Amino acid sequence: MVLHPFRFSAILHLLKLSVYFFVIRTDSHIYLDYAATTPLDPRVAESIAATMNGIYGNASSVHAFGRRAKVILEESRELIAKSIGAEPAEIFFTSGGTESDNHALTGSAFAQRRDKGKDHIIVSAIEHHAVLDCAEYLATLGFRVSFVPVDGKGRIIIDELQKLVTPKTAVISVMHANNEVGTLQPVKEISLLANARGIIFHTDAVQTFGKIPVNVNELGVNLLTLSAHKIYGPKGIGAIYIRKGTTIDALLHGGAQERKNRAGTENIPLIAGFAKAVELAEHDRQANFDHAERCASTLRAKLQKKLENCILNGDDRDSLPHILNVSIDTSQYDIEGDSLLMNMDLHGVAVSSGSACTSGSVQPSHVLLAMGRDEQLARTAIRFSFGKQTIVADVDRAGDIFCSIVHSLPRKK
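Residues numbered from 1 in each chain as written. Predicted model: local features only at pLDDT ≥ 70, side-chain atom pairs only at ≥ 80, totals over all residues. Heavy atoms only, no water.

Moving on, we come to the nonpolar core. Counting residues in hydrophobic clusters, the biggest one holds 55 residues, and the most contacted among them are I84, L161, I172, L224 and F274. Broken down by element, this core gets its largest block of residues, eight residues, from helix α9 (residues 268-306). With residues up to four places along the chain from it excluded, the contact list for F274 reads I80, F93, F209, L226, S227, A228, I231, P234, I237, G238 and A239. (Core = buried A, V, L, I, M, F, W, Y, C linked by side-chain atoms within 4.5 Å. Buried < 20%, exposed > 50% of the residue type's maximum accessible area, 1.4 Å probe, protein only. Helix = DSSP H or I, 4+ residues; strand = E, 2+ residues; numbered from the N terminus. Contact = heavy atoms within 4.5 Å.)

Right under this line is the structure:
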């Protein structure tokens, strides 16, 4: 469909008005979607601006301008490596978590098939789509893909993983903690299994990095995914950790940047911002952890007190503190798709749905379905997630709003 120029300009004008209306009313809105993304820390913004304005050389250039950029690049690499117990030479910058996940899975799969004849990939059933969709793509290229089931709390079943492993298994990918329900995975146990069999092990640490300790040597992983925008850093920058001695093919080709592992001129301002965000996250990690726990416990107590039909998804003990995922028992109420999410937004509270919207149709959360929830419960899932700017009183108010919305739903006859 081609829009008439006048109609297009009118739509654009309405969009601008809606954005302006939202901006001037942000004081009345409550943002509880920190697991999706976090606001840029002003100190990170200052670091990006200073680098963008003062360091414009190409880090691959040998002249003074290039060398200044190279210093920022390597200092940032060293800081980020130190934060996870890695060596600087094991950190490679990418455009974000999705690229890092794709690089880890695709790069290791192709290298293992070429060098060792291994063509089997194992991923958990609750991975982020950056892993799941990549695995499905690799299946079209001749790789065999197996999915590890999880229990009712969202934790993978180790015995089932062991049954899936074969001499042809090239790579296992299991996230450090789930992005929808927050459940921590037994990564160390998986790494022992993988290392004993010569299998490359990758974990996506996007949700855990900067929030709980992440040490690659303690975890025992070969590959690990990092992202900046989950820790008050800029969007569009991330990293992949590749343990020394791990063979992995490059995903992008065309230059010798990142020691030939990731072609393309490095984005020095965003890398500097990433490093600053990591520095701040490491410094404030315990305080942020404690604050997130207070927010989650406040909301949990509110919902359990006011909603008898509220079901908590995930593990309330071995889980990330900043994520609280709930479903509403549909045996009492008529609830359709994202109606809860939309009503929360209309009441000024930003949260996430457990569903994914594909081609205009609302799909139930693959994570909750894998956990054994029925389709209706999966469709009513709402994820609340907290950050360092979250005010506990706002969490309490958001809980009241959510309870009020649920109580206003039409009851089944």
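That shown, we press on.
Moving on, we get to the sheet that holds strand β10 (residues 323-328). One open sheet holds the four strands; their spatial order is β9-β10-β15-β12, and the pairing between them is antiparallel. Edge positions in the sheet fall to β9 (310-313) and β12 (352-353), since each of these pairs with one other strand and no more. Of the strand pairs in this sheet, β12 and strand β15 (residues 382-385) are connected by two bridges, and their pairing is antiparallel. Across the sheet, the residue bridging to S352 is R383, located in β15. Set on the sheet, α9 makes contact with β9, β10 and β15; between it and β10 the angle comes to about 15°. (Pairing = 2+ DSSP bridges. Axes fitted to C-alpha atoms, helices over the stretch in contact; angles between N-to-C directions.)

This brings us to helix α5 (residues 129-139). Every buried residue of α5 is accounted for by A130, V131, L132, C134, A135 and L138. Contacts made by the buried residues of α5 are with α4 (97-116), β3 (120-124), β4 (144-148), β5 (169-173), β6 (200-204) and α11 (366-370).

Once that is clear, we can look at the pairing of β4. Bridge count for β3 against β4 is five bridges, and the pairing is parallel. Across the sheet, residue H120 finds its bridge partner in β4, namely R144. Remark: the β3/α5/β4 crossover connection has right-handed handedness. (Right-handed = clockwise from strand over helix to strand, strands pointing away.)

The next point concerns the packing of aromatic side chains. Within the structure shown, the criterion is met by six aromatic pairs. Centroid distance Y31 to Y34: 5.0 Å. Interplanar angle 70°. Geometry classified as edge-to-face. Overall, Y31 belongs to the partly exposed group, its relative accessible area being 31%. A relative accessible area of 5% places Y34 in the buried class. Relative to F143, the ring of F110 lies with its centre 5.5 Å away and its plane at 80°, an arrangement referred to as edge-to-face. Placement of F110 in helix α4 and of F143 in the loop between α5 and β4 is noted, with a sequence separation of 33 residues between them. Judged by its relative accessible area of 27%, F110 falls in the partly exposed class. You can call F143 buried: its relative accessible area is 4%. Put simply, the rings of Y31, Y34 and Y232 pair up and form one aromatic cluster. For K388, the ring lying beneath its charged end belongs to Y232, and the centroid distance is 4.3 Å. (Phe/Tyr/Trp six-rings, centres within 6.5 Å; stacked < 30°, edge-to-face > 60°. Lys NZ or Arg CZ within 6 Å of the ring centre and 35° of its normal.)

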